[in-house]
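Architecture and fold: a report
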Amino acid sequence: MIRLGVNIDHVATVRNARGEAFPEPLAAAHAAILGGADQITVHLREDRRHIRDADVELIASGLAIDLNLEMACTEEMVAKATAIKPQHVCLVPERREEITTEGGLDVAGNRDAVASTIQGVKAAGCSVSLFIDPDEAAVLAANDVGADAIEIHTGRYASAKSPAAIVREFLAIRQAATTAKQLGIRVHAGHGLDYRNVWRVAALPEIEELNIGFAIISRALFTGLSAAVRQMRDEMLRAREMAGQDL
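Residues numbered from 1 in each chain as written. Predicted model: local features only at pLDDT ≥ 70, side-chain atom pairs only at ≥ 80, totals over all residues. Heavy atoms only, no water.

So, the packing of helix 10 (residues 214-223) against helix 11 (residues 225-241)
Contact geometry of helix 10 with helix 11 gives a least axis separation of 7 Å together with a crossing angle of 125°. With respect to each other, helix 10 and helix 11 are oriented oblique. In this structure, the crossing between helix 10 and helix 11 has a hand that is right-handed. On helix 11, the residues touching Ile 216, Ile 217, Arg 219, Ala 220 and Thr 223 of helix 10 are Leu 225, Ala 227, Ala 228, Val 229, Gln 231 and Met 232. Considering only residue class, the contact of helix 10 with helix 11 consists of eight nonpolar, two polar and one charged. (Axes fitted to C-alpha atoms, helices over the stretch in contact; angles between N-to-C directions. Helix = DSSP H or I, 4+ residues; strand = E, 2+ residues; numbered from the N terminus. Parallel < 35°, antiparallel > 145°, perpendicular 65-115°, else oblique. Left-handed = near helix turned anticlockwise from the far one by under 90°. Contact = heavy atoms within 4.5 Å. Nonpolar A, V, L, I, M, F, W, Y, C, P; charged D, E, K, R; others polar.)

Structural notes on the nonpolar core
Judged by nonpolar contacts, the single largest core of 75 residues is most densely connected at Ile 40, Leu 130, Leu 210 and Ile 216. Among the elements that take part in this core, helix 11 stands out by supplying six residues, more than any other. Contacts of Leu 210, omitting those with residues within four sequence positions, involve Ile 2, Arg 3, Leu 4, Gly 5, Ala 189, Leu 193, Val 198, Val 201, Ala 202 and Met 236. (Core = buried A, V, L, I, M, F, W, Y, C linked by side-chain atoms within 4.5 Å. Buried < 20%, exposed > 50% of the residue type's maximum accessible area, 1.4 Å probe, protein only.)

Topic: the state of the cysteines
Taken as a whole, this structure holds zero disulfides when the rule is applied. Free cysteine Cys 90: the closest other cysteine sulfur is in Cys 73, separated by 9.7 Å. You can call Cys 90 buried: its relative accessible area is 0%. (Disulfide = S-S within 2.5 Å.)

Here you go:
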């Protein structure tokens, strides 16, 4: 079975645009659960551009399913994770100027900081994944620092335009997933996945979990959040059932 983590950051983006108290991220989390979400994902950024500290605290205390907290490798975020104790933490790179996460974490180039963050977060009882590019060297580096899982950055695949580029990026994802599985690392994936391109990735048997946000929240404007989550989950499960066919 493949799991769906629903990222609700952009519910907070809408709220913050008007400085209101709504729409409430916790209410969005419950709507996502009704649609079949297996976990809720939020990214607590340094600048708090969408999800805020109080949101994470409310969601962590008000959920009947797991919380996956995306965060940078900083002492501040380790302290937050230690206090809140989400079930899962995903370490991601972060730049103030970026609109959304632009690439995977440079694990090898920041080995000491990543290893220290993993150690601190694991001490709080959280499992730790690393958001990395679909690159075998990055997978090996993640294994070296003791990550429980990797989350493969699928952005290049999602934004590829030509058939050749789509295939090339998909094959990179598949190879990274295969390598991680051989090393005994759990495999997740996400970024830029939508209702059109999720099929190939969801069909990969090594991938246990997809984390998807923007596409689901965008469709929810027209269908409602529970229905949008249910539709994405159906696409994923159908892809897994058809794995092995020409997707």
